[in-house]
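In case you want the letters, here they are:
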Amino acid sequence: PKPPKLTRNSHYFVSDEHRHDLFRKHIADSGGVFIGLGTDQNYLMAGWARPEILVPLDFDQMVVDLHFAFRAIFLKAETPKEFIRMWSEERFEETRALIAEAYEDPEKQKRVRKAFKRGRRHVHKRP
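The structure presented is a predicted model; accordingly, all values stated were derived computationally and were not measured.

Peer 1: Quick question: what am I supposed to make of the nonpolar core here?
Peer 2: Considering soluble globular proteins, one finds that nonpolar side chains tend to be buried as a cluster. Residues Leu 66, Ala 69, Phe 70, Ile 73, Trp 87, Ile 99 and Phe 116 are the most contacted members of the largest nonpolar core, which totals 21 residues. When residues of this core are traced back to their parent elements, those giving at least two are α3 (61-76), α5 (92-102) and α6 (106-125). Top contributing element to this core by residue count: α3, with six residues. Aside from chain neighbours lying at most four places away, what touches Ala 69 is Trp 87, Ile 99, Val 112 and Phe 116. Phe 34, Met 45, Trp 48 and Ala 49 belong to the second-largest nonpolar core, a separate cluster that totals five residues.

Pasting the structure below:
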């Protein structure tokens with residue numbers, strides 16, 4: 001089947017919403033299962049909700065592949081500052097190598113590295 005058409009012909013590597021904080025008091029320490037569509041907003045809100053299980057979803061395969069880059073970087077970074085630095089231009093090659101190490105399947109490596117390359121700047125500059 002044909003993949004769904006992208007909204008505005010764009011990959012949403014980061015959320016286009018700017019007031020996630022409005023949800024904080026409603027989800028804080030709620031636990032359970034957190035299911036969300038998108039990228040960075042899931043990790044931000046999951047930090048507030050403290051779920052036992054996080055299920056990030058998307059209809060855009062490029063965004064799904066970016067979640068795998070997030071996973072590899074979360075597992076490697078020892079601090080939040082280190083996590084952010086791993087998305088920087090200075091750490092580009094190192095992080096791409098980390099992604100290659102994280103996934104044995106060559107096709108998956110290729111997709112995740114491509115998503116990282118295309119989405120890295122958006123994630124790194126996200127306030």
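Further notes follow.
Peer 1: I keep staring at the layout of surface pockets and nothing clicks. Help me out?
Peer 2: By rolling a water-sized probe across the atoms, one finds the places where empty space is left. Roughly 640 Å³ of volume is contained in the largest pocket. Around the largest pocket, the lining comprises 21 residues; the ones closest to its centre are Asp 40, Leu 44, Phe 83, Arg 126 and Pro 127. Of all elements in the fold, only α2 (40-49), α3, α4 (80-85) and α6 reach the threshold of two or more residues within the lining of the largest pocket. Considered class by class, the residues forming the lining of the largest pocket number eleven nonpolar, five polar and five charged. Size it by volume and the second largest pocket reaches roughly 350 Å³.

Peer 1: What am I meant to see in the side chain of Glu 82 here?
Peer 2: Tracing the chain through its elements places Glu 82 in helix α4. Classification of Glu 82 by relative accessible area gives buried; the value is 19%. If we ignore the near neighbours within four places in the chain, the residues touching Glu 82 are Ala 77 and Arg 91.

Peer 1: Just checking my understanding: could you explain α3 for this structure?
Peer 2: Because each turn of an α-helix spans 3.6 residues, side chains separated by three or four positions end up pointing in the same direction. Given a rise of 1.5 Å per residue, 16 residues ought to cover 22 Å, and the 23 Å separating the end C-alpha atoms of α3 matches this to within 8%. For α3, the full list of buried residues reads Met 62, Val 63, Asp 65, Leu 66, His 67, Ala 69, Phe 70, Ala 72 and Ile 73.

Peer 1: Looking at this structure, I do not really get the packing of aromatic side chains. What am I missing?
Peer 2: Each pair of aromatic rings is reported with the distance of its centres and the angle of its planes. Counted according to the given criterion, the structure contains ten aromatic pairs. Where Tyr 43 meets Phe 74, the ring centres are 5.1 Å apart and the plane angle is 65°; that geometry is what we call edge-to-face. Taken together, the residues Tyr 43 in helix α2 and Phe 74 in helix α3 connect sequence positions 31 residues apart. Under the relative-accessibility criterion, Tyr 43 is labelled buried at 18%. What links up through ring pairs into an aromatic cluster is the set Tyr 43, Phe 70, Phe 74, Phe 83, Trp 87, Phe 92 and Phe 116.

Peer 1: Got a minute to help me understand the pattern of salt bridges in this structure?
Peer 2: Where charged atoms of side chains with opposite charge meet at close range, the side chains can pair. Taken as a whole, this structure holds seven salt bridges when the rule is applied. Close ionic contact of Glu 89 with Arg 120 constitutes a salt bridge, the shortest N to O distance being 2.8 Å. Residue Glu 89 is found in the loop between α4 and α5, and its partner Arg 120 is found in helix α6; the two are separated by 31 residues along the sequence. For Glu 89, a relative accessible area of 51% corresponds to the exposed category. Using a relative accessible area of 5% as the deciding quantity, one classes Arg 120 as buried. The shortest N-O distance in the salt bridge between Arg 91 and Glu 94 comes to 2.7 Å.

How each quantity is defined
Residues numbered from 1 in each chain as written. Predicted model: local features only at pLDDT ≥ 70, side-chain atom pairs only at ≥ 80, totals over all residues. Heavy atoms only, no water. Core = buried A, V, L, I, M, F, W, Y, C linked by side-chain atoms within 4.5 Å. Buried < 20%, exposed > 50% of the residue type's maximum accessible area, 1.4 Å probe, protein only. Helix = DSSP H or I, 4+ residues; strand = E, 2+ residues; numbered from the N terminus. Contact = heavy atoms within 4.5 Å. 1 Å grid on protein atoms, 1.4 Å probe; cavity = no way out; pocket = protein on both sides within 12 Å on 5 of 7 lines; lining within 4 Å. Points joined across faces, edges and corners; volume = space filled by probe spheres on them. Nonpolar A, V, L, I, M, F, W, Y, C, P; charged D, E, K, R; others polar. Expected span 1.5 Å × (residues − 1). Phe/Tyr/Trp six-rings, centres within 6.5 Å; stacked < 30°, edge-to-face > 60°. Salt bridge = Lys/Arg side-chain N within 4 Å of Asp/Glu carboxyl O.

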